[in-house]
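Here is what each chain is made of, one letter per residue.
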Amino acid sequence: MKRIAWFSSLANSTDSIAAHVTAELVPVLRQSLDIELFGVDDGTKNYLMAFERHKESPFDAFVYQLEDRSDSFFSRIHLGLIPGIVFFHDGLFTEAGPEPIHQSPWPDVWQKFWHREANWPKRNFDYHYAPPYGEREATCTRVPIFTDARSRGEFERGYKVSAKRRGFEVQDKSYYLPLPVSDKIPLSVDKSSRRILLASPPRIEYRIHKILEALSSLVEPFEFVWLLAPEEEARARELLQEFKLSSARLILERNPKRFAAELNTARVTLHPLFSVFGQLGPYVPQSLMAGVPVILSNFAQADYIPDSIAFKIRPGETEARELRLVLDELLGRGAMDYSFLREYALETYSTNQVATEFLKILDSESETLNAFMKRWSRFELEARSAVVSEALNLLPDHGAVLNSAYRELGWRCHL
Amino acid sequence: MANILVLGVKVPFTRGGQEVLVQGLMRAIKERGHEVDAVELPYTALPKEQLLNQAAFWRSLDLSTFGGISVDLVIATKFPSYYARHAKKSLWLVHQHRPAYDLYGGRYSDLGDDPRDEAMRRMIVEGDNKVMAECAYIAGISGNVVERLMRYNNLKAEVLYPPLPLGNRYHCGSQENYILSVGRICSIKRVDLMIKALPIVHSTLKLKIVGAPDEPGIMDYLKNEIDKHHLWDRVEFCGRVSDAELLDLYANALAVYYAPHNEDYGYVTLEAFASSKPVVAATDSGGVLEFVKHEENGLISEPTTDAIGHTFNRLVENKDLAKSLGATGRKFIEDVGLASQHWDTIVQKLLSPIRG
């Protein structure tokens, strides 16, 4: 059985996509793979000690869940220490991240890796990871898997070109895998429901003003349910008051598990997003699995969902009016059979299906990964030898007096 | 009677908790009838590659005999002293090289994702695991340190809290209008937060800072902050002070500010309690929070200037609160016996490898 070191946040009480994907996929993958979880949460081994486990019982691959959240920082750090397979839930990051990434000498590291004659990165040099952030992560990735097709497109068109310009060897292939959702989500049964469900922050890129404007002028009676993170409540209430929608029901918990629980009584779900950052997350596939119609912003990621499966609203001047029309239409229709949405979801997003595809990727890339890991191990030995030389050269006679101690501690290595 | 060496790590021109611990331990061992001396090598972490050399120096030492006298036991305290070799070794751990462990990935670590840094980090961890496993007895100075040992090095250890440096000499005086900060002046101790909070604290309250800097650039930074907010009439750098002066400074403070990031132990907390003074700590102050309980013997604040400022205003506006928190802190010291009784247990445990 292949051994996998799996790095992920397990913050299941939040809308972390990494946590969701890990919760869905790992139990299924464990039927075929020996997976050890690394991270900073309870239930994981400390990520900084992964190298020791790798020494004791080598991993065949290191798999990282990356997203634009601070609970992904440790994954982004460790990706630079041992490159591997990355699930990019976001292709761009809004910030550089913690110190090791801020000051990362990654361009010079990879020059050295691909061109042995190059120098090691400069010491005491102000390396500054300039935006847009994501190039370092893309460089460190040996097998990039995107759960957002738009990001994959940008990787192919943008990153690969700039990497070649730097003289880096670029990964042959990138992959798209849909976000997995459980087929245990039941088909929504309440055909008389007039419940509109939203799981988005109260921020402008989530088109909140347009949504509330549309809702405030709906002809059909409705119930509005909004999943929020607790710290978003005050802002949400301000907005609801502004649009005279104070009867909205707020649920101060936004995560896939809670969203799935609310789907049973939902008539329609809203998935707005108009930004170069972020992605729609598992709420769209979850809605489809429950046979609940979805309304998306007609932008970026929406291009990859068939028009027959989702309603799409173009962001802009006519947005609120178009949304109102679609909602009134849906609410006014009466009971409809949306089981075809579930059929699409089962075919596209089911956890077993996604797990199978991941295993195929792992198999097809195993030779490449193997070759890379051998080369990376050698690079690590070179780095070790380099830092030992640097240390001993700080002393007279190249630290000859300490040779015996270095050897006894296992710090001298032979290339 | 045994011949014992206590192994300490000395940063020249600075004095911190570790030096206090070594001195206290030596005194306690001697009082219990043994011969004891300290071996302290000078330590520097700059440039960072020196860390490997520092550990290797300790490893190279022969501590078995001096002038015909056999050394029965060595007691190591802090990285890299525990790299020393000896047939009988105890460890009373102050801390490992934390930038390779819990501080890694944050602003207090200078190890990054350069493969050479990662190689060094791994060598330190591997080396620590090897040499600490040689110890016949392992303890940590606090629950925080012991938990860190288990989390990163998979080693079980006991908690042995160090007793107060000045024993029974702490006393309570008046409540003058100053906050006291004691400790090495470096970024992780976060004295800057208190300085930046002063503008929103009642103008009658001053800040007295005891300790010396041990980080390049830190004094320039703090002085800039004081200049920026025009606080020179409210901030006093006392430098290093005598024991008597320190006792008086504790005795007459309104409260003590001690809000470092993830501290190992923090003598300052207990010295404040022994002087019947409340401690203001931060939510991420680590070992300090093993003792400071919010609204019982101190106040715990978010580590922001606003929150700290408002916390101190509470104490300025309600000196009775400060008094009652301080009294609870004093009672804790008396109940646990951290003034002096605790040394019996510590010496007995650390010497257990030679007691069989």
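Residues numbered from 1 in each chain as written. Chains lettered and ligands numbered in written order. Predicted model: local features only at pLDDT ≥ 70, side-chain atom pairs only at ≥ 80, totals over all residues. Heavy atoms only, no water.

Visitor: Give a detailed account of the packing of helix 8 (residues 267-274) of chain B against helix 10 (residues 319-336) of chain B, specifying residues and quantitative values.
Guide: Residue and element names in this part refer to chain B. Closest axis-to-axis distance for the helix 8/helix 10 pair is 7 Å, and the angle between their directions is 105 degrees. Overall, the two elements helix 8 and helix 10 adopt an arrangement that is roughly perpendicular. Touching L270, F273 and A274 of helix 8 are G326, G329, R330, F332 and I333, all from helix 10. Looking at the contact of helix 8 with helix 10, its residues break down into five nonpolar, two polar and one charged. (Axes fitted to C-alpha atoms, helices over the stretch in contact; angles between N-to-C directions. Helix = DSSP H or I, 4+ residues; strand = E, 2+ residues; numbered from the N terminus. Parallel < 35°, antiparallel > 145°, perpendicular 65-115°, else oblique. Contact = heavy atoms within 4.5 Å. Nonpolar A, V, L, I, M, F, W, Y, C, P; charged D, E, K, R; others polar.)

Visitor: Could you give an account of helix 10 of chain B, with specific residues and numbers?
Guide: All names here are of chain B. Relative to the 26 Å expected for 18 residues at 1.5 Å per residue, helix 10 spans 26 Å between its end C-alpha atoms, a close match to the ideal helical length. Among the residues of helix 10, those classed as buried are L321, A322, L325, G326, G329 and I333. In an axial view of helix 10, the angular spread of the buried residues amounts to 130 degrees, which keeps them on one side of the axis. For helix 10, the exposed residues lying more than 90 degrees away from the buried face are D320, K323 and D335. The elements touched by buried residues of helix 10 are helix 8, strand 14 (298-301) and helix 9 (305-317). G337, located one to two residues past helix 10, shows a positive phi value of around 75 degrees. (Expected span 1.5 Å × (residues − 1). Buried < 20%, exposed > 50% of the residue type's maximum accessible area, 1.4 Å probe, protein only. Arc of directions from axis to C-beta.)

Visitor: Give a description of the sheet that holds strand 8 (residues 158-159) of chain B that names residues and reports values.
Guide: Residues and elements named next belong to chain B. Spatially, 2-1-5-6-7-8 is the arrangement adopted by the six strands of the open sheet, whose pairing is parallel. The sheet terminates laterally at strand 2 (35-42) and strand 8, the two strands that pair on one side only. Sheet topology places strand 5 (residues 73-78) next to strand 6 (residues 89-95); four bridges connect them, and they run parallel. Of the residues in strand 6, the one forming a bridge with A76 is L91. Packing of helix 1 (residues 17-31) onto the sheet brings it into contact with strand 1 (3-10), strand 2, strand 5 and strand 6, and relative to strand 1 it is tilted by some 170 degrees. (Pairing = 2+ DSSP bridges.)

Visitor: Account for the pairing of strand 13 (residues 279-282) of chain B, with residues named and values stated.
Guide: Residues and elements named next belong to chain B. Along strand 13, one buried face is formed by V279 and A281 and the opposite face, lined by V280 and A282, is buried too. Judged from the two bridges that link them, strand 12 (residues 255-257) and strand 13 form a sheet pairing that is parallel. Residue Y257 lies in a different strand from strand 13, and its bridge partner there is V280. For the crossover from strand 12 across helix 8 to strand 13, the handedness is right-handed. Here strand 13 pairs with strand 14 via four bridges, running parallel. (Right-handed = clockwise from strand over helix to strand, strands pointing away.)

Visitor: Could you give an account of the packing of aromatic side chains, naming the residues involved and the relevant values?
Guide: Overall, the coordinates contain 48 aromatic pairs over all chains when judged by the stated rule. Between Y406 of chain A and W411 of chain A, the aromatic rings sit 5.6 Å apart at their centres with planes inclined by 75 degrees, giving edge-to-face as the arrangement. For Y406 of chain A, a relative accessible area of 0% translates into the label buried. With a relative accessible area of 0%, W411 of chain A lands in the buried category. An angle of 90 degrees between the planes, with centres 5.9 Å apart, marks the rings of F79 of chain B and Y83 of chain B as edge-to-face. The exposure class assigned to F79 of chain B is buried, which follows from its relative accessible area of 3%. Three or more aromatic residues link up through ring pairs in this structure, and these residues are W110, F113, W114, W120, F372, W376 and F379 of chain A. (Phe/Tyr/Trp six-rings, centres within 6.5 Å; stacked < 30°, edge-to-face > 60°.)

Visitor: Any details on the interface of chain B and chain A? Residues and values, ideally.
Guide: At the interface, 39 residues of chain B touch 40 residues of chain A. Taken together, both faces of the contact between chain B and chain A bury some 3500 Å²; the carbon and sulfur share is 62%. The largest contributions to the chain B side of the interface with chain A come from D113, R116 and R122 of chain B, which together make up 23% of the buried area. Among the ionic pairs, D117 of chain B bridges to R123 of chain A, the shortest N-O distance being 2.8 Å. Of all the secondary-structure elements, those providing two or more residues to the side of chain B that touches chain A are helix 2 (50-60), helix 3 (115-132) and helix 4 (143-153) of chain B. Examining the composition of the side of chain B that touches chain A, we find that 15 residues originate from one element, helix 3 of chain B, more than from any other. Split into classes, the residues belonging to the side of chain B that touches chain A amount to 16 nonpolar, eight polar and 15 charged. (Buried area = accessible area lost by both parts, 1.4 Å probe. Salt bridge = Lys/Arg side-chain N within 4 Å of Asp/Glu carboxyl O.)

Visitor: How would you summarise the sheet that holds strand 4 (residues 61-66) of chain A if you had to cite specific residues and measurements?
Guide: All names here are of chain A. If you trace the seven strands from one edge of the open sheet to the other, you get 3-2-1-4-5-6-7, paired in parallel fashion. The sheet terminates laterally at strand 3 (45-46) and strand 7 (175-176), the two strands that pair on one side only. In terms of strand pairing, strand 6 (residues 141-146) meets strand 7 through two bridges, oriented parallel. Residue pairing for strand 7: F146 is matched across the bridge by Y176. Set on the sheet, helix 15 (residues 366-392) makes contact with strand 1 (2-7), strand 4, strand 5 (84-88) and strand 6; between it and strand 6 the angle comes to about 140 degrees.

Visitor: Got a sec to walk through the confidence of the model for chain B? Specific residues and values, please.
Guide: Low pLDDT marks regions whose predicted coordinates should not be analysed in detail. Averaged over chain B, the pLDDT score is 94; the fraction of residues at 70 or greater is 99%. Predicted complex metrics record ipTM = 0.91 and pTM = 0.90. (pLDDT = per-residue confidence, 0-100.)

Visitor: How would you summarise helix 1 (residues 17-29) of chain A if you had to cite specific residues and measurements?
Guide: All names here are of chain A. The end-to-end C-alpha distance of helix 1 is 17 Å, a good match for the 18 Å that 13 residues give at a rise of 1.5 Å each. A maximum bend of about 25 degrees is found in helix 1 at A23, where proline P27 lies one to four positions downstream. Counting buried positions along helix 1 gives eleven out of 13 residues, so the element sits mostly inside the fold. Those residues of helix 1 that fall on the buried side of the exposure criterion are I17, A18, A19, H20, V21, T22, E24, L25, V26, V28 and L29. At the N-terminal boundary of helix 1, the capping side chain belongs to S16, with an oxygen 3.4 Å from the backbone nitrogen of A18. (Bend = angle between axes of the 7 residues up to and from the residue. Polar contact = N/O pair within 3.5 Å; in protein donor to acceptor, adjacent residues only side chain to side chain.)

Visitor: How would you summarise unusual backbone geometry if you had to cite specific residues and measurements?
Guide: Omega for the peptide link from P131 of chain A to P132 of chain A comes to 0 degrees, which places this bond in the cis form. Tracing the chain through its elements places P132 of chain A in the loop between helix 5 (106-114) and helix 6 (135-140). Although it is not a glycine, N124 of chain A adopts a positive phi angle of roughly 55 degrees. Assignment of secondary structure puts N124 of chain A in the loop between helix 5 and helix 6. Unusually for a residue other than glycine, N262 of chain B sits at a positive phi of about 50 degrees. Here N262 of chain B lies in the loop between strand 12 and helix 8.

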